[in-house]
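The primary structure of each chain is shown beneath.
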Amino acid sequence: MVGGCGEAIVAAEFLKRGVPVYRPMVDTGADLVVDIHGSLKRVQVKSSASTEHRVIFHLSRRNPNREAGAGCWLKYEDGAVDWYALCCIGHDYTALIPAGPNSKSITFPGDEAQEIGVVIDKLLEENK
């Protein structure tokens, strides 16, 4: 439920600004695809309902083959995701950060996490 709620919150932030949002039919790593003036961007949503002061988001995904003895968590391949949306439901705060090549985890609050609405507005302005 927390993950679905986070995805809905993130989608609503884009939709409020007139940005089309799409959901992939299969899990390829991105939860949402957004269309910023004709440029498709993949967004991976990480959600938490924690009310703790610090919330750690692990920027990895479940391994579908974990029964075969493989590790439970996999790193996203470079280029598979353009943005991470961090939805802190327990703090009523959602941030958007660019995906980096060595992203493993991020702690909220953190300097690199900017409020999602501010980032989307900047993206729309830059990509007119």
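Structure first, text after, so check above.
The rules behind these values
Residues numbered from 1 in each chain as written. Predicted model: local features only at pLDDT ≥ 70, side-chain atom pairs only at ≥ 80, totals over all residues. Heavy atoms only, no water. Pairing = 2+ DSSP bridges. Helix = DSSP H or I, 4+ residues; strand = E, 2+ residues; numbered from the N terminus. Contact = heavy atoms within 4.5 Å. Axes fitted to C-alpha atoms, helices over the stretch in contact; angles between N-to-C directions. Buried < 20%, exposed > 50% of the residue type's maximum accessible area, 1.4 Å probe, protein only. Parallel < 35°, antiparallel > 145°, perpendicular 65-115°, else oblique. Left-handed = near helix turned anticlockwise from the far one by under 90°. Nonpolar A, V, L, I, M, F, W, Y, C, P; charged D, E, K, R; others polar.

Draft legend 1. Just the sheet that holds strand β1 (residues 21–22), in detail. One open sheet holds the six strands; their spatial order is β1-β2-β3-β7-β8-β10, and the pairing between them is mixed. Edge strands, defined here as strands with exactly one partner in the open sheet, are β1 and β10 (114–115). The pairing of strand β8 (residues 93–98) with β10 spans two bridges and is antiparallel. Bridge pairing in β10 places leucine 96 opposite glutamine 114. Sheet strands touched by helix α1 (residues 2–16): β1, β2 (32–36), β3 (39–48), β7 (83–88) and β8. Its angle to β3, the strand with the most contacts, is close to 140 degrees.

Draft legend 2. Focus on unusual backbone geometry. Even without glycine at this site, histidine 37 takes up a positive phi of about 50 degrees. Mapping histidine 37 onto the fold places it in the loop between β2 and β3. Not every positive phi belongs to a glycine, and aspartate 92 is a case in point at roughly 55 degrees. Locating aspartate 92 in the fold gives a position in the loop between β7 and β8. Note on aspartate 92: relative accessible area 74%, which makes it exposed.

Draft legend 3. Representation of the packing of α1 against helix α2 (residues 116–126) within the structure. In the contact formed by α1 and α2, the axes pass within 10 Å of each other and the chain directions differ by 40 degrees. With respect to α2, the element α1 is oriented oblique. Crossing of α1 against α2: the hand is right-handed. Contacts between α1 and α2 involve Val10, Glu13 and Phe14 from the former and Ile116, Gly117 and Ile120 from the latter. Residues that form the contact of α1 with α2 fall into these classes: four nonpolar, one polar and one charged.

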